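# Geometric and topological summary
Spelled out, the chains give:
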Amino acid sequence: MPKIIPIKELKDTAKISEMCHENDGPIYVTKNGYGDMVLMSIESYEEIYRKEQIYKDLEIAESDILAGRTKPAGTMLREIKAKYGL
């Protein structure tokens, strides 16, 4: 269940920080009854950012496959071994 707080509660920064670290997800801040901001711990943000990077990499990989920019695995392994002297 999402955590929602009014903007006036932002005055107690220690309490807000504690809430951010206790909740895995974001804390939604409302202003005059409407959504205004989202707060989260740096750990939660970094996890979301890492996932976003993975999704972008997968999108690029799928695009390469569809465009035919691929090589057989055996060929790639031979090239890597030759390049790095393995």
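For the structure itself, consult the block above.
Residues numbered from 1 in each chain as written. Predicted model: local features only at pLDDT ≥ 70, side-chain atom pairs only at ≥ 80, totals over all residues. Heavy atoms only, no water.

### Structural notes on the packing of aromatic side chains
As a reminder, the rule being used: Geometry of aromatic contacts follows a simple scheme: Phe, Tyr and Trp rings, the Trp one being its six-membered ring, pair when their centres are within 6.5 Å, and the pair is stacked under 30 degrees between planes, edge-to-face over 60, tilted otherwise. Comment: elements are numbered from the N terminus, with helices defined as DSSP H or I runs of at least four residues and strands as E runs of at least two. With a 1.4 Å probe rolled over the protein chains alone, any residue whose accessible area is under 20% of its type maximum counts as buried; one over 50% counts as exposed, and the rest are partly exposed.
For the structure shown, the criterion picks out one aromatic pair. With a centroid separation of 6.2 Å and an interplanar angle of 25 degrees, the aromatic rings of Tyr45 and Tyr49 are classed as stacked. One end of the pair, Tyr45, and the other, Tyr49, are both in helix 2 (residues 42-66), four residues apart, so they sit about a helical turn from each other. The exposure class of Tyr45 is partly exposed, given its relative accessible area of 45%.

### Some points on the pairing of strand 1 (residues 3-6)
Convention followed: Here a strand pair is declared whenever DSSP counts at least two bridges between the two strands. For a crossover, the right-handed case is the one in which the path from the first strand over the helix to the second runs clockwise, viewed with the strands pointing away from the viewer.
Sheet topology places strand 1 next to strand 2 (residues 27-31); four bridges connect them, and they run parallel. Residue pairing in the sheet places Pro6 in a bridge with Thr30 of strand 2. A crossover connection joins strand 1 to the parallel strand 2 through helix 1 (residues 13-22); in handedness this β-α-β unit is right-handed.

### Regarding the pairing of strand 2
Taken together, the five bridges between strand 2 and strand 3 (residues 34-39) define a ladder with antiparallel strand orientation. Considered in strand 3, the bridge of Val29 is made with Met37. The turn joining strand 2 and strand 3, which pair antiparallel and follow one another in sequence, is formed by two residues; a positive phi near 55 degrees is taken by Asn32.

### Some points on a nonpolar patch on the surface
The cut-off we apply is this: A patch consists of residues exposed above 30% relative accessible area that lack any salt bridge, with like charges linked at up to 9 Å and nonpolar side chains (Val, Leu, Ile, Met, Phe, Trp, Tyr) linked at up to 5 Å. The protein chains shown are the only cover counted for residues, whose accessible areas, like all others here, come from Shrake-Rupley with a 1.4 Å probe. Only one rule defines a salt bridge in this text: a Lys or Arg side-chain nitrogen within 4 Å of an Asp or Glu carboxyl oxygen.
A contiguous nonpolar surface patch, about 440 Å² in accessible area, is contributed by Met76, Ile80, Tyr84 and Leu86. Residue position: Tyr84 is located in helix 3 (residues 73-84).

### Considerations on the nonpolar core
What counts here: For the purposes of this section, nonpolar cores are sets of buried Ala, Val, Leu, Ile, Met, Phe, Trp, Tyr and Cys residues that join through side-chain atoms within 4.5 Å.
In terms of nonpolar packing, the biggest core is built from six residues, these being Ile5, Ile16, Met19, Cys20, Ile27 and Val29. Among the elements of the structure, helix 1 and strand 2 are those that each provide at least two residues to this core. Per-element accounting of this core gives the leading share, three residues, to helix 1.

This is a description of form; function is not addressed.
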